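# Summary of the model geometry
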Amino acid sequence: MDTIASIFSFITTPVSWVIVQFHSVYGAIFGDDTGWAWGLSIVSLVILIRICLIPLFVKQIKATRAMQTLQPEMKKIQERYKNDKQRQSEEMMKLYKETGTNPLSSCLPILAQSPFFFALYHVLNGIASNEQIGVINGDLLESAQKAHIFGAPLAAKFTESASKVEALGASITDVRVVTAIMIVLMSASQFYTQRQLMTKNVDTTVKTPFMQQQKMLMYVFPVMFAVFGINFPVGVLVYWLTTNVWTMGQQMYVIRNNPTPGSKAQAAYLERLHKHVTQHGKTRSRGERAIVKAIVTKGRDRNEFERKFINGLNKAGLAAQPDGTVTTGVNPEVTETEDGTPATGTAKRQQPKRQSKSQRQSGAKPAGGVEPDTSTVSLSKSDEPEDAKPAGGAAKQAASKPGSGGRSKAQSGQRKGPQRPKSPSKK
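Keep in mind the model is a prediction, meaning the values are calculated, not measured.

It is worth spelling out the side chain of S41 at this point. Its place among the elements puts S41 in helix α3 (residues 35–52). The class of S41 is buried, set by a relative accessible area of 0%. There is a polar contact of 3.1 Å between the side chain of S41 and the backbone nitrogen of H23. Setting aside its immediate chain neighbours within four residues, S41 contacts I19, F22, H23 and Y26.

The following block contains the structure:
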């Protein structure tokens, strides 16, 4: 570890200088030799670094979402070229280039923090060894050695020998209890941060290998922190615990105000946004207008939460506009059903069901609920041949034929106009 830390020695002097500047402020309040002065200096160093890394954190969020979107395409490429690893890699790189996605962007904040982390480790290790590191020398070095956090020196480790801990003015029991508690808190914060990402801010409609990898990391990272944490000085544990707490709070803010589309966090956010918009009749910030604009632009590609939000506005007499604003009045063009098809609110006209021949002969009521036309004369064939009927019946039969006298209307399903007379059956 000392070898790795020495690689980042070029940044040791700036890190030690920042710590000394913060120590001069907190030392005037709590005392120069107190653990509060040195501990809060390390916490302030973390906050300063994380504020500078906010642009990288934004890129990390965008890269992670882009990778989630590309997972179905990546899976297709893996299945198509599963026997040709070189072609598979070429197609993956081509996909990244076309979409402008960089898989390493999600690791940028961690990579950017690494030099500061190892530089701080180098500084604290020098304090424990009574060596001048950066601008920490003389009285500052002696003051840092006297600083204790809940009885544990800043430079002490869990695996430190009892004699070395006693040389720093502490007991081995205090050091191990404090470091064990900090390691547990550090691992728990890392686990919770990853868990809230998996349970709240992941698109549940797409099952991809990326989700399985994130789920695996949720359990791997806390174990790694627990294993490596026993070799970290107390000051480094303060640094890493502060970093985890900052990451957890920063992620909670992002999940609440800018959730991933299709996630549970988006459903909760759109529910809150719908409540506010229906109450005040407008969007309240640029971020809300940007989200409403993105939802309207999607059209029929909206997910179920976004369709529910748009339909809820229309039911309240409001309409989301393409620029992200909300106006009074329902826009039927953006109203959609659960499956994404447009719904205009007008009942669809249903055509009457065509009757069968037996229904027309028996005069049964059609399925549409329309009574049959009683003025229609039955055109069914007589059971007896015409030459077997009496003469008086022939005249009556002739009067009832279509085409003689007033012509009756044809029933639904029959051809209009005069009907062709039936030929007498042959004996």
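The final tally for this structure, using the stated rule, is 1 cavity of 30 Å³ or more. Reported here for the largest cavity is a volume of approximately 40 Å³. Every residue lining the largest cavity is listed: I19, W38, I42, V123, L124, I127, I136 and L154. Looking at the lining of the largest cavity, the elements that each hand over two or more residues are α3 and α6 (108–128). Broken down by element, the residue count for the lining of the largest cavity peaks at 3 residues, all from α6. Its residues assigned to classes, the lining of the largest cavity comprises 8 nonpolar, no polar and no charged.

Glancing now at the pattern of salt bridges. Going through the model one piece at a time under the given rule, you end up with 5 salt bridges. Put simply, K146 and E142 hold a salt bridge, and the shortest N to O gap is 3.4 Å. Of the two residues, K146 and E142 are both situated in helix α7 (residues 139–146); the distance of 4 residues between them amounts to about one turn of the helix. Between E160 and K164 there is a salt bridge, with its nearest N and O atoms 3.8 Å apart.

Two measures define how a pair of helices packs: the angle their axes make with one another and the distance between the axes. Running from N to C, helix α9 (residues 172–200) and helix α11 (residues 234–257) point in directions that differ by 20 degrees, and their axes come no closer than 9 Å. Taken together, the axis directions place α9 and α11 in an arrangement best described as roughly parallel. Here α9 runs over α11; the crossing is left-handed. Between α9, through T179, M182, I183, L185, M186, S189, Q190, Y192, T193, Q196, L197 and K200, and α11, the contact on the second element is made entirely by V234, L237, V238, W240, L241, N244, T247, M248, Q251, M252 and I255.

Counting 47 residues, the largest nonpolar core has W38, L45, F117, L120, I127, L154 and Y239 as its most contacted members. Going through the elements one at a time, α2 (12–30), α3, α6, α7, α9 and α11 are the ones with two or more residues in this core. For this core, the element with the highest residue contribution is α6, accounting for 9 residues. Leaving out residues up to four positions away in the same chain, Y239 has contacts with I42, V46, I49, Q113, F116, F117 and L120. With 14 residues, the next largest nonpolar core counts Y269, I310, L313 and V326 among its residues.

Once that is clear, we can look at the packing of α2 against α3. At their nearest, the axes of α2 and α3 sit 8 Å apart, and the two run at 130 degrees to each other. In terms of orientation, α2 lies oblique with respect to α3. When you trace α2 past α3, the crossing you get is right-handed. Counted together, V15, V18, I19, F22, H23, Y26, G27 and F30 of α2 and W36, A37, W38, L40, S41, S44, L45 and L48 of α3 form the full contact between these two elements.

Definitions and cut-offs
Residues numbered from 1 in each chain as written. Predicted model: local features only at pLDDT ≥ 70, side-chain atom pairs only at ≥ 80, totals over all residues. Heavy atoms only, no water. Helix = DSSP H or I, 4+ residues; strand = E, 2+ residues; numbered from the N terminus. Buried < 20%, exposed > 50% of the residue type's maximum accessible area, 1.4 Å probe, protein only. Polar contact = N/O pair within 3.5 Å; in protein donor to acceptor, adjacent residues only side chain to side chain. Contact = heavy atoms within 4.5 Å. 1 Å grid on protein atoms, 1.4 Å probe; cavity = no way out; pocket = protein on both sides within 12 Å on 5 of 7 lines; lining within 4 Å. Points joined across faces, edges and corners; volume = space filled by probe spheres on them. Nonpolar A, V, L, I, M, F, W, Y, C, P; charged D, E, K, R; others polar. Salt bridge = Lys/Arg side-chain N within 4 Å of Asp/Glu carboxyl O. Axes fitted to C-alpha atoms, helices over the stretch in contact; angles between N-to-C directions. Parallel < 35°, antiparallel > 145°, perpendicular 65-115°, else oblique. Left-handed = near helix turned anticlockwise from the far one by under 90°. Core = buried A, V, L, I, M, F, W, Y, C linked by side-chain atoms within 4.5 Å.

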